[in-house]
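A closer look at the structure
So the chains spell out like this:
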Amino acid sequence: MKKFSVCILLALVSTGMYAQENQSRLDSLQQVVNALSSRVEDTEKSELNRAVWKGRAKYFNLGYVKQTLADQTYGGELTSDLGASLSWGKTYYLHRKPLFGMLKFGLDWSWMDINYAKFAMEEFEEEPYDIHQAEIGMQFGPSVTVNPVHHLKIGGYFRVTPSYSLLYMDETVHHHYVTFCNAGCTLAWKVLSVGVEWRWGTAKYDGLKFDESAFDEDDLTDGDTPSVGDVMDQMKVPDRKFKTSSVRFYLGFRF
């Protein structure tokens with residue numbers, strides 16, 4: 001009887017030790033699984049963060065332009081019947097990790113910004129003609145971008161755009177440097193984005209008139225061969241101040 005009791009006791013002790021050892025192994029295995037899961041999750045977050053932010057910092061936008069041209073010298077205002085824009089640049093984010101896991105501030109630099117608009121001019125008792133306006137410049141300014149879920153990004157920005165502007169109307173070319181301001185918002189999903197942008201600027205334009213009278217030797221000199229300076233003086237027209245206001249709707253590609 002005494003031997004039997006000892007055997008039972010040894011069996012119970014062995015069973016308890018075996019169960020404890022199994023539990024310890026299970027705990028160790030669970031810790032390994034948790035560590036691997038955490039690493040996989042961190043890797044996925046890192047890859048998503050790279051794809052959303054670093055991999056989509058550049059942009060290329062093609063837009064439709066609705067533009068207003070106001071003559072602040074002689075009065076009058078025209079609205080475009082055709083317009084297009086192109087911009088190409090990159091967002092340089094100011095911090096590596098997004099704030100609150102979803103927000104980043106940056107500086108946008110559009111290396112190239114081109115804008116074109118055409119206006120139809122109809123005057124009383126005169127033949128109608130088209131007015132063409134074009135600018136080329138660079139944009140630079142701050143931006144804020146929110147990434148609420150997955151690859152969806154919502155952004156807003158304000159940029160200053162130093163530009164050279166050219167305006168052709170009725171055989172006269174008006175040209176000058178203009179500082180434009182741009183403010184807009186954009187919605188992006190992976191490579192595709194859509195946006196709207198407001199743009200405005202004012203400048204006093206120099207003018208040159210290209211018609212036959214500018215090359216009439218009788219009007220330029222007393223019979224001597226006209227110089228280049230004489231021709232340029234004859235071609236010059238009074239300066240005119242124009243205000244340009246635009247709305248641009250664009251489709252963008254981020255890469």
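Residues numbered from 1 in each chain as written. Predicted model: local features only at pLDDT ≥ 70, side-chain atom pairs only at ≥ 80, totals over all residues. Heavy atoms only, no water.

Counting its regular elements, the chain contains three helices and nine strands. In sequence order, the secondary structure elements of the chain are arranged as α-β-β-β-β-β-β-β-β-α-α-β. Each of the 255 residues in the chain was classed as buried or not, and the buried ones make up 33%. Within the chain, contacts between residues at least 6 apart in sequence are counted, and of these 66% link residues at least 24 apart. (Helix = DSSP H or I, 4+ residues; strand = E, 2+ residues; numbered from the N terminus. Buried < 20%, exposed > 50% of the residue type's maximum accessible area, 1.4 Å probe, protein only. Contact = heavy atoms within 4.5 Å.)

Glancing now at the pairing of strand S3 (residues 82–93). As paired elements, strand S1 (residues 58–71) and S3 share seven bridges and run antiparallel to each other. Residue pairing for S3: Leu 62 is matched across the bridge by Leu 86. (Pairing = 2+ DSSP bridges.)

The next point concerns unusual backbone geometry. In this model, Asp 170 sits at a positive phi of 50°, which is unusual for a non-glycine residue. Along the chain, the position of Asp 170 falls in the loop between strand S6 (152–169) and strand S7 (172–189). A relative accessible area of 40% places Asp 170 in the partly exposed class. One non-glycine residue with positive phi stands out, namely Lys 190, at about 55°. Within the secondary structure layout, Lys 190 lies in the loop between S7 and strand S8 (192–209). Under the relative-accessibility criterion, Lys 190 is labelled partly exposed at 37%.

On to a negative patch on the surface. A cluster of acidic side chains, namely Glu 123, Glu 126, Asp 170 and Glu 171, defines a negative patch on the protein surface. The topology assignment puts Glu 171 in the loop between S6 and S7. (Patch = residues over 30% accessible without salt bridge, like charges linked within 9 Å, V, L, I, M, F, W, Y side chains within 5 Å. Areas by Shrake-Rupley, 256 points an atom, 1.4 Å probe, with all protein chains shown as cover. Salt bridge = Lys/Arg side-chain N within 4 Å of Asp/Glu carboxyl O. Lys, Arg positive; Asp, Glu negative; His and termini not counted. Charge placed at Lys NZ, Arg CZ, Asp CG, Glu CD.)

Looking now at the side chain of Asn 147. Along the polypeptide, Asn 147 turns up in strand S5 (residues 129–149). If near-sequence neighbours (up to four positions away) are discounted, Asn 147 is found in contact with Val 52, Trp 53, Met 102, Leu 152 and Lys 153.

This brings us to the environment of Tyr 168. Tracing the backbone through its elements, the reader meets Tyr 168 in strand S6. Under the relative-accessibility criterion, Tyr 168 is labelled partly exposed at 36%. Along the sequence, Tyr 168 and Asp 130 sit 38 residues apart, while their C-alpha atoms lie 8.5 Å from each other. With sequence-adjacent residues up to four places away left out, Tyr 168 is seen in contact with Asp 130, Ile 131, His 132 and Val 173.

The next subject is the packing of aromatic side chains. Note on aromatic pairs: each is described by the distance of the centres and the angle between the planes. The tally for this structure, following the rule as stated, stands at four aromatic pairs. Judged by centre distance (5.3 Å) and plane angle (85°), the ring pair of Trp 53 and Tyr 93 falls under edge-to-face. Of the two residues, Trp 53 is situated in the loop between helix H1 (2–52) and S1 and Tyr 93 in strand S3; the sequence distance between them amounts to 40 residues. Ring geometry for Trp 88 versus Trp 111: centroids 5.3 Å apart, planes at 85°, classification edge-to-face. Here Trp 111 lies in strand S4 (residues 103–121) and Trp 88 lies in strand S3, a separation of 23 residues in the sequence. Look at Trp 88 and you get partly exposed, because its relative accessible area is 37%. By relative accessible area, Trp 111 is classed as partly exposed at 25%. These aromatic residues form a ring-pair network of at least three members: Trp 88, Trp 109 and Trp 111. Of note, Arg 159 hangs over the ring of Tyr 157, and the distance from its end group to the ring centre comes to 3.7 Å. Sitting over the face of the ring of Phe 180, Arg 199 holds its NZ or CZ atom 3.9 Å from the ring centroid. (Phe/Tyr/Trp six-rings, centres within 6.5 Å; stacked < 30°, edge-to-face > 60°. Lys NZ or Arg CZ within 6 Å of the ring centre and 35° of its normal.)

Moving on, we get to the environment of Val 237. Relative to the elements of secondary structure, Val 237 occurs in strand S9 (residues 236–254). Exposure remark for Val 237: the relative accessible area of 21% places this residue in the partly exposed category. Sequence separation of Val 237 and Val 173 is 64 residues, and the distance between their C-alpha atoms is 9.4 Å. Excluding residues within four positions of it along the chain, Val 237 makes contact with Thr 172, His 174, Gly 207, Leu 208 and Lys 209.

Before going further, it helps to spend a moment on the confidence of the model for the chain. Overall, the prediction assigns the chain a mean pLDDT of 86, with 76% of residues at 70 or greater. Within the chain, no element has a lower average pLDDT than helix H2 (residues 217–220), which sits at 55, and none a higher one than S1, at 98. (pLDDT = per-residue confidence, 0-100.)

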